[in-house]
Amino acid sequence: MVEWPKILGGVLVLAAITWVVVEIREDGARSIKDAIERQNNDAASQSDADRSDYDRCLDGGRVWDFGARKCRRAAPGRRD
């Protein structure tokens, strides 16, 4: 004869284990998504700041050094 309380208990334990595993995976995925979003926001902020620095550099008649990401004085005797 089938012992229903044991079967029901086993199903409940299996459901609980499944729920815990799913929650752990969702939390991990959420933390990875948040980390990527933070990196994207930081990159966008840095890009905006660099673009602003670049624009201000050219308005002053200076030269932008792309490697150093800095504004430099124009070389003496520069040709236009």
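Residues numbered from 1 in each chain as written. Predicted model: local features only at pLDDT ≥ 70, side-chain atom pairs only at ≥ 80, totals over all residues. Heavy atoms only, no water.

Describe in detail the state of the cysteines, supporting the description with residues and values.
This model, assessed by the stated rule, comprises 1 disulfide. Note that Cys 57 is cross-linked by a disulfide to Cys 71, the S-S spacing being 2.1 Å. Taking the sign of the S-S torsion, about 80° here, the bridge from Cys 57 to Cys 71 comes out right-handed. Of this pair, Cys 57 sits in helix H1 (residues 4-59) while Cys 71 sits in strand S2 (residues 70-72), placing them 14 residues apart in sequence. Residue Cys 71 is classed as partly exposed on the basis of its relative accessible area of 27%. (Disulfide = S-S within 2.5 Å. Helix = DSSP H or I, 4+ residues; strand = E, 2+ residues; numbered from the N terminus. Buried < 20%, exposed > 50% of the residue type's maximum accessible area, 1.4 Å probe, protein only.)

Account for the packing of aromatic side chains, with residues named and values stated.
Inspection of every chain in the model, using the stated rule, returns 2 aromatic pairs. Ring plane angle 85° and centroid distance 5.9 Å describe the contact between Tyr 54 and Trp 64, whose orientation is recorded as edge-to-face. With Tyr 54 in helix H1 and Trp 64 in strand S1 (residues 63-65), this pair connects stretches of sequence that are 10 residues apart. Taking the relative accessible area as the measure of exposure, Tyr 54 reaches 24% and is therefore partly exposed. (Phe/Tyr/Trp six-rings, centres within 6.5 Å; stacked < 30°, edge-to-face > 60°.)

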